[in-house]
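Spelled out from the first residue to the last, the chains are:
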Amino acid sequence: MKHLATINKLLAGLSCAALLCSTPVLANEQPEISGQDIYRLYNGYSGEHFYTSNPDEKAALIQKGWIFEGIGWIAPSTGDAVYRLYNPNAQGGDHYYTKDLDEADSLVSLGWLMDNDAQPVFYSGGDINLYSAYNPNAQSGAHNYTTNRSEQDSLIDSGWLYDQVAWKVLGEGYEETDPSLYERFAGQQFVKNIWGFAGGPSAFLTVNADGTYQESNVRLSVRPGIGAEYSEFTGQLSDPVKVDDYTWKAHVISSNLVLPVDTILDEGNKGIKIMMEPFAGLYAPMDFYIASPEKPIEDYPDFIQAQYHKYPESLKTDFPGSYVLYTPDGMTFMSVVSR
């Protein structure tokens with residue numbers, strides 16, 4: 001399945017969360033360049049992008065709910081030091097990156113803090129431009145850094161300021177896609193919503209090798225005269241992006257109800273009627289995660305760990321030996337089993 005990088009259309013004058021969404025604009029193939037990967041993460045609540053070369057820091061942020069977007073750029077292992085500062089007075093917090101120590105000292109005098117124990121977070125050097133832009137209408141996420149000129153132009157056209165080269169890097173950003181992941185689910189289904197959130201007592205999701213999917217959901221109906229509520233979807237998924245050794249992130253590109261909402265159907269010979277109703281499922285646009293059986297429970301987001309410890313009996317059969325699908329909001333959590 002061909003990966004298509006997308007650029008979100010941005011509106012000037014709105015908050016940073018609305019101006020810069022979580023979809024990165026990165027190359028779709030990993031370049032053959034030696035250097036240091038700089039991870040790019042996104043906070044959907046504050047609208048901030050965060051950049052780090054530390055895999056442990058990346059993992060900790062993902063566990064707290066940040067979205068991993070891929071490799072922001074490839075930095076040299078040595079060169080001109082780049083420092084990270086933190087503004088504790090900005091709503092939601094904010095980070096700024098600079099290789100100018102005089103600028104850093106000036107910001108510290110205004111109340112900013114030197115992050116990472118005042119040590120460099122990565123280095124500048126190379127032939128590729130890393131662009132920066134500033135959103136004057138935002139507190140958190142007010143600065144964006146990218147090697148992609150199209151992303152930079154989109155921000156500037158939307159009202160961001162200071163179109164400039166922040167420093168130089170070795171390689172452009174990219175997404176670590178893994179289209180073959182879907183091939184591993186041939187003849188299998190993701191089944192049920194383990195904790196009984198949206199999706200109810202029965203949920204079935206089939207992911208095909210080409211990234212298409214079908215999902216059906218059934219729950220008991222609260223409407224008089226209707227035995228159950230039922231919805232069925234088909235749609236297209238993006239190539240999975242590798243988050244860590246155990247986890248992939250994907251995006252629902254399109255989704256369609258197979259039958260119109262409120263269609264009433266007879267359920268077999270039982271005399272029970274079911275109703276089409278879009279109460280749960282993978283909708284477009286939506287991000288979700290797929291975790292391998294080897295993923296330790298302590299590496300899951302906090303809300304997954306909380307539910308696991310609350311309902312350990314419900315996970316004993318499915319959790320240890322199956323892939324797991326979950327959405328960032330925790331409303332959907334399903335395991336995969338053989339048919």
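Residues numbered from 1 in each chain as written. Predicted model: local features only at pLDDT ≥ 70, side-chain atom pairs only at ≥ 80, totals over all residues. Heavy atoms only, no water.

1. Here's the deal with the overall build of the protein chain
The condition is simple: Runs of H or I in DSSP of at least four residues are treated as helices and runs of E of at least two as strands, each being numbered from the N terminus. A 1.4 Å probe rolled over the protein chains alone gives each residue an accessible area, and that area as a share of the maximum for its type sets the label: buried under 20%, exposed over 50%, partly exposed in between. Here, residues are in contact when the closest pair of their heavy atoms is within 4.5 Å. Each accessible area is a Shrake-Rupley estimate made with a 1.4 Å probe; only the visible protein chains count as cover when residues are assessed.
Helices and strands together make up the secondary structure of the protein chain, namely five helices and 22 strands. When each of the 339 residues of the protein chain is scored for burial, the buried share is 47%. For the protein chain, the share of sequence-separated contacts (at least 6 apart) that also reach a separation of at least 24 residues comes to 65%. Of the accessible surface of the protein chain, which amounts to about 15,800 Å², a share of 50% is contributed by carbon and sulfur atoms.

2. Quick look at the sheet that holds strand β8 (residues 128–134)
We apply this condition: Paired strands are those between which DSSP finds at least two bridges. Geometry is summarised by axes, namely lines fitted to C-alpha atoms with helices restricted to the contacting stretch, and by angles between N-to-C directions that run from 0 to 180 degrees.
The three strands lie next to each other as β9-β8-β10, forming an open sheet whose pairing is antiparallel. Only two strands of the sheet have a single neighbouring strand rather than two, namely β9 (143–146) and β10 (161–169). Geometrically, the sheet is characterised by an average inter-axis angle of 25 degrees between neighbouring strands, direction not taken into account. Of the pairings in the sheet, the one linking β8 to β9 comprises four bridges and is antiparallel in character. Residue A133 lies in a different strand from β9, and its bridge partner there is N144.

3. Examining helix α3 (residues 101–109)
Short version of the rule: Pairs of N or O atoms are called polar contacts if they sit within 3.5 Å, as long as, within protein, a hydrogen donor faces a hydrogen acceptor (for residues adjacent in sequence, only side-chain-to-side-chain pairs).
If you check the start of α3, you find a side-chain oxygen 2.9 Å away from the backbone N of D102, and it comes from D100. One or two residues past the end of α3 sits G111, with phi positive at roughly 110 degrees.

4. What to know about the confidence of the model for the protein chain
The following threshold applies: Confidence per residue, as judged by the predictor, is encoded in pLDDT with a range of 0 to 100.
Per-residue confidence for the protein chain averages 77 on the pLDDT scale, and 71% of its residues sit at or above 70. In the model of the protein chain, helix α1 (residues 16–19) stands out as the element of lowest mean pLDDT, 34, in contrast to strand β6 (residues 113–114), which has the highest, 97. Overall, residues 1–25 carries pLDDT values under 50, and its contacts beyond four positions in sequence, including any with other chains, amount to 73 contacts. Confidence drops under a pLDDT of 50 for residues 196–200, and excluding neighbours within four residues, the segment shows 16 contacts in the predicted structure.

5. Quick look at the sheet that holds strand β1 (residues 36–42)
Pairing is antiparallel across the open sheet formed by four strands, whose spatial order is β2-β1-β3-β11. Edge positions in the open sheet fall to β2 (49–52) and β11 (171–174), since each of these has one partner strand only. Each neighbouring strand pair of the sheet contributes to a mean axis angle of 20 degrees, computed without reference to strand direction.

6. A word on the packing of aromatic side chains
Put simply, the test is: Ring pairs are drawn from Phe, Tyr and Trp, using the six-membered ring of Trp, whenever the two centres fall within 6.5 Å, and their geometry is named by plane angle: stacked under 30 degrees, edge-to-face over 60, tilted for the rest.
Summed over all chains, the structure comprises 15 aromatic pairs. A ring pair is formed by F122 and W167, whose centres lie 6.1 Å apart and whose planes are at 40 degrees; its orientation type is tilted. You can see F122 sitting in strand β7 (residues 122–124) and its partner W167 sitting in strand β10, a full 45 residues away along the chain. On the accessibility criterion, F122 (0% relative accessible area) is buried. Between Y134 and Y162 the ring centres are 5.6 Å apart and the planes differ by 15 degrees, which places this aromatic pair in the stacked class.

7. A few points about helix α4 (residues 149–157)
Operational definition: Working definition: the arc comes from the directions between the helix axis and the C-beta atoms, pointing outward to the latter.
For α4, the complete set of buried residues consists of E151, Q152, S154 and L155. What you see down the axis of α4 is that its buried residues fit within an arc of 160 degrees, all on one side. Buried positions along α4 lie against β1, β8, β9 and β10. A distance of 2.9 Å separates the backbone nitrogen of S150 from a side-chain oxygen at the start of α4, and that oxygen is part of N148. Among the residues trailing α4, G159 stands out with phi positive, at a value near 110 degrees.

8. Some thoughts on the pairing of β1
The buried count for β1 comes to five of seven residues, which makes it a mostly enclosed element. As defined by bridge partners, β1 adjoins strand β3 (residues 67–75) across seven bridges and the pair is classed as antiparallel. Note that in β3 the partner of Q36 across the bridge is A75. With antiparallel pairing between neighbouring strands as the criterion, β1 and β2 make up a hairpin whose turn holds six residues, including G47 at a positive phi of roughly 85 degrees.

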